[in-house]
Amino acid sequence: MPQVHTRTGSFPIGFRVGGSPWQKDAASLTRFAREHGFAHLDTSALPVEELQGLRDAGLGSVDLPQPWTGLASADPAKRSDTAKQCADYIAEVVPLGVTNFFVVVFPENREGNRAENLKLAVDGYGQLCQQLDDAKVDKAHLVIEGYPGGPPHHHALACTPADCRLLFDRVGSDRLGVNYDPSHLVRMGIDPLRFAREFADRIHHVHAKDTDLLGEGRYQHGNLQPASEAKPHGFGGHHWRYTIPGHGVIPWTRLFQQLADAGYEGKVSIELEDENFNGSEEGEQRGLLASRDFLVHA
């Protein structure tokens, strides 16, 4: 099947590889991707030889090596060591044609003061950007996803416009960019279209995941406290949940047109997190194909 693209913007469509058993076999995963028109895969920080085995499926983004908390550690030696480890890995992977390296800015001390944690992240990510510059590693961007972290602390950094602005300004490197996932913005009550306008020049990769806002759950449980007895939705809470594109509130056509108008020429990757599809090979493949079919008409 020919590679598929979004109708608006003609962005190539791929997906982020999950942790299910069926997605761990490179040959069968590549075959599924190619047979159904997917243009690329986003992967964890696999060894280079394993990434080479996925090249036929195309490579979108690759994660920075874990643990990411080392880049925002209170220990200066750990920040430096983690920055070097990440820079070395990026230098190995870039020759495979990968330019986007995915990360969430997790501080090591999740209960720590956010302003202090931000200072640590500025130093750690600044060192990493400088090492890439010194090594002349061309065309490598660190693409930060604004996942806010889990309860109760929601401790991740660079999730809101204000904190993204602080990190980008203080690090002062064009290597820092955005893995634009509007589902997290909607969940936090942030206008995804306005965010895309403000940070258009920083967006190097896009995740296609939606968010459904659940009015009845909000009425019953509010948007602040956990419920006393009721269980939250899978991949969500009581008043919101992540969904496949088209099953939530994000205006995808307007969003893609805005990205296209801003000159975005990157990829769109489905990130499957939806309680109606995750959990079985059949369900996950159905969710990926339903997402693809929506995006080619968006």
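Please refer to the structure placed before this passage.
Reading the values: rules and limits
- Residues numbered from 1 in each chain as written.
- Predicted model: local features only at pLDDT ≥ 70, side-chain atom pairs only at ≥ 80, totals over all residues.
- Heavy atoms only, no water.
- Helix = DSSP H or I, 4+ residues; strand = E, 2+ residues; numbered from the N terminus.
- Rg over C-alpha atoms; globule rule 2.2 N^0.38 Å.
- Buried < 20%, exposed > 50% of the residue type's maximum accessible area, 1.4 Å probe, protein only.
- Contact = heavy atoms within 4.5 Å.
- Core = buried A, V, L, I, M, F, W, Y, C linked by side-chain atoms within 4.5 Å.
- Axes fitted to C-alpha atoms, helices over the stretch in contact; angles between N-to-C directions.
- Parallel < 35°, antiparallel > 145°, perpendicular 65-115°, else oblique.
- Left-handed = near helix turned anticlockwise from the far one by under 90°.
- Nonpolar A, V, L, I, M, F, W, Y, C, P; charged D, E, K, R; others polar.
- Pairing = 2+ DSSP bridges.

Chemist: Honestly, the overall build of the protein chain in this entry has me stumped. Any pointers?
Modeler: When you go through the protein chain residue by residue, the secondary structure sums to ten helices and ten strands. At 19 Å, the protein chain has a C-alpha radius of gyration in line with the 19 Å of a compact globule built from 298 residues. Each principal axis of the C-alpha atoms in the protein chain carries an extent, and together these give about 45 × 45 × 40 Å. Counting the 298 residues in the protein chain, one finds 52% classified as buried. Contacts spanning at least 24 positions in sequence make up 75% of the contacts within the protein chain whose residues lie at least 6 apart.

Chemist: So what exactly am I meant to see when it comes to the nonpolar core here?
Modeler: In globular proteins that are soluble, nonpolar side chains generally tend to be buried together. Of all hydrophobic cores here, the largest spans 83 residues; its most connected members are Leu64, Ile90, Phe101, Leu128, Leu142 and Leu167. Apart from the residues lying within four places of it in its own chain, the contact partners of Leu167 are Val105, Leu118, Ala121, Val122, Ile144, Ala158 and Leu176.

Chemist: Would you mind going over the side chain of Arg187 with me for this structure?
Modeler: When you line up the elements, Arg187 lands in helix α6 (residues 182-188). Not counting the four nearest positions on each side in its chain, Arg187 is found in contact with Tyr147, Pro148, Gly149, His154, Thr211, Trp240 and Tyr242.

Chemist: So what exactly am I meant to see when it comes to the packing of helix α4 (residues 114-134) against helix α5 (residues 161-171) here?
Modeler: Between two packed helices, both the angle of their axes relative to each other and the distance between the axes serve to describe the pair. Where α4 meets α5, the closest approach of the two axes is 9 Å, and the angle between their N-to-C directions is 45 degrees. When the axis of α4 is compared with that of α5, the two are oblique. Crossing angle aside, the handedness with which α4 passes α5 is right-handed. Note on element contacts: α5 touches α4 through Asp163, Leu166, Leu167, Arg170 and Val171, opposite Arg114, Leu118, Ala121, Val122, Tyr125, Gly126 and Cys129. Split by residue class, the contact of α4 with α5 holds eight nonpolar, one polar and three charged.

Chemist: Looking at this structure, how should I read the sheet that holds strand β2 (residues 41-43)?
Modeler: Within a sheet, each strand pairs with its neighbour through backbone hydrogen bonds, oriented either parallel or antiparallel. Pairing is parallel around the closed barrel formed by eight strands, whose spatial order is β1-β2-β3-β4-β5-β6-β7-β10. When the angles between neighbouring strand axes are averaged without regard to direction, this sheet yields 30 degrees. The sheet contact formed by strand β6 (residues 176-180) and strand β7 (residues 203-208) spans three bridges and is parallel. In the sheet register, Val178 faces β7, and the bridge partner there is Ile203. Here helix α3 (residues 76-93) sits on the sheet and contacts β3 (59-63), β4 (100-103) and β5 (141-145); the angle it forms with β3, its principal contact strand, is near 160 degrees. On the sheet, helix α10 (residues 281-295) packs against β1 (13-16), β7 and β10 (268-270) and is oriented at approximately 145 degrees with respect to β10.

Chemist: Is there a simple way to explain the side chain of Asp181 in this structure?
Modeler: Mapped onto the secondary structure, Asp181 falls in the loop between β6 and α6. Taking the relative accessible area as the measure of exposure, Asp181 reaches 4% and is therefore buried. Those residues in contact with Asp181 that lie beyond four places of it in its chain are Glu145, His207, Lys209 and Glu271.

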